[in-house]
Amino acid sequence: MFLFAGLRRQELINVHVPDVNWEDGIIRVRHGKGGRMRVIPMVRELQEFLEAWLTERPQCHHDFLFTNREKQPLGRHAVAVTFKRAKRMAGIDRPEVTVHTLRHSFACALLRGGASVVAIQRLMGHASLDTTSVYLHVTGVELAEAVRAHSLCGAK
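Calculation criteria
Residue numbers restart at each chain and count upward from 1, following the sequence in its written direction. Residue-level local features of this predicted model are given only where pLDDT is at least 70; pairs of side-chain atoms are given and counted only at 80 or more, and the full residue set underlies all totals for whole chains, interfaces and linings. To get the side-chain values, take all heavy atoms of the structure and skip hydrogens and water. Put plainly, a pocket is an open set of points on a 1 Å grid over the protein atoms alone with protein on both sides within 12 Å along at least five of seven lines, a cavity is a set where a 1.4 Å probe fits but cannot get out, and a lining residue has an atom within 4 Å of a point. Grid points are joined across faces, edges and corners, and a volume is the space filled by probe spheres set on the points. Gly falls in the polar group here, along with every residue not listed as nonpolar (Ala, Val, Leu, Ile, Met, Phe, Trp, Tyr, Cys, Pro) or charged (Asp, Glu, Lys, Arg). Put simply, a patch holds well-exposed residues, over 30% relative accessible area, that have no salt bridge, with like charges counted together within 9 Å and Val, Leu, Ile, Met, Phe, Trp or Tyr side chains within 5 Å. Values of accessible area rely on a 1.4 Å probe in the Shrake-Rupley scheme; residue burial ignores everything except the protein chains shown. Whenever Lys or Arg places a side-chain nitrogen within 4 Å of a carboxyl oxygen from Asp or Glu, that contact is recorded as a salt bridge. When charges are counted, Lys and Arg contribute as positive and Asp and Glu as negative, whereas His and the chain ends are disregarded. Charge positions are represented by NZ for Lys, CZ for Arg, CG for Asp and CD for Glu. Type-normalised accessible area, obtained with a 1.4 Å probe on protein chains alone, sets the label of each residue: buried when under 20%, exposed when over 50%, and partly exposed for intermediate values. Helix and strand definitions here come from DSSP, where helices need a minimum of 4 consecutive H or I residues and strands a minimum of 2 consecutive E residues; each element is numbered from the N-terminal end. We call two residues in contact when some of their heavy atoms are within 4.5 Å. In protein, a polar contact requires one atom able to donate a hydrogen and another able to accept it; more generally it is a pair of N or O atoms within 3.5 Å, and residues adjacent in sequence count only if both atoms are side-chain atoms.

Describe empty space enclosed by the protein, naming the residues involved and giving the relevant values.
One pass over the structure, following the stated rule, counts one cavity of 30 Å³ or more. Here the largest cavity defines a volume of roughly 40 Å³. Glu11, Asn14, Val15, Asp19, Arg28, Val29, Arg30 and His31 are the residues that line the largest cavity. Along the lines of polarity and charge, the residues of the lining of the largest cavity split into two nonpolar, two polar and four charged.

Give me the lowdown on a positive patch on the surface, citing residues and values where you can.
Taken together, the side chains of Arg69, Lys84, Arg85 and Arg88 define a basic patch exposed on the protein surface. Taking the relative accessible area as the measure of exposure, Arg69 reaches 77% and is therefore exposed.

If you had to explain the layout of surface pockets to someone new, which residues and values would you point to?
Here the largest pocket defines a volume of roughly 900 Å³. As for the largest pocket, its lining consists of 24 residues, and the residues nearest its centre are Phe49, Phe66, Leu74, Thr82 and Phe83. Those elements giving two or more residues to the lining of the largest pocket turn out to be α1 (2-5), α3 (44-56) and α4 (76-90). Ranked by residue count, the leading element in the lining of the largest pocket is α4, at seven residues. Its residues assigned to classes, the lining of the largest pocket comprises 17 nonpolar, three polar and four charged.

Please give an account of a nonpolar patch on the surface that cites residues and values.
Taken together, the side chains of Leu3, Phe4 and Val43 define a hydrophobic patch exposed on the protein surface, amounting to about 220 Å² of accessible area. Within the secondary structure, Leu3 sits in helix α1.

I'd love a proper account of unusual backbone geometry, names of residues and values included.
Residues other than glycine seldom take positive phi values, yet Lys71 does so here, at roughly 70°. As for its placement among the helices and strands, Lys71 is situated in the loop between α3 and α4.

Go over the environment of Arg57, please, and point to the residues and values.
By the secondary structure assignment, Arg57 is in the loop between α3 and α4. With twelve residues separating them in the primary sequence, Arg57 and Arg69 have C-alpha atoms 9.2 Å apart. The residues contacting Arg57, other than those within four sequence positions of it, are Val17, His62, Asp63, Phe64, Leu65 and Thr67. At 2.7 Å, the side chain of Arg57 and the backbone oxygen of Phe64 are in polar contact.

Below is the structure:
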C-alpha cells in the first residue's frame, strides 16, 4: 500500500474494507492529511495483494482493512514492527530507509513513468505543488531529454 498507492502510515491504518472498490479498481483515502479525501487507482499487483490479504484477514467486529493477530485495527507500532521485520528479511540494514521511503519511491516511480507533477500531487494528497517538488530530483540527462522532447523541436 505504501509502495503501490503512496499512502502515509496513518492513512494505511485508517483504510476500511469498503474503501476498496474492486469494481472500479480504486482505494478511497477518506482520512488524508488535513482531512482531505482522495482516490488512488489500484495497480494489478496491489489488487492481487489485497485480495490475498482479505482471504487471510480474520473476521472482526470492525471493518478496518488491516488488523493484528488479536483482530484489532492495526496501529502505528505494529506498522513499525512489521516494516522493521520486512527490512531485515530483505537484507536492508540502513536506518534511513523508513515507511516514508516507500511513499517517496511511489512518487519517484510515477515521475519516471511520465506522470505529470499535478497528477503526482493529487495522488500523494499534497495541498501544494511546493510539497510535491520535494520528490522531484531531476538529473541532467532527464533535463536534456525534456528539451529534446520539446514540441517545437520536431521530436515525436
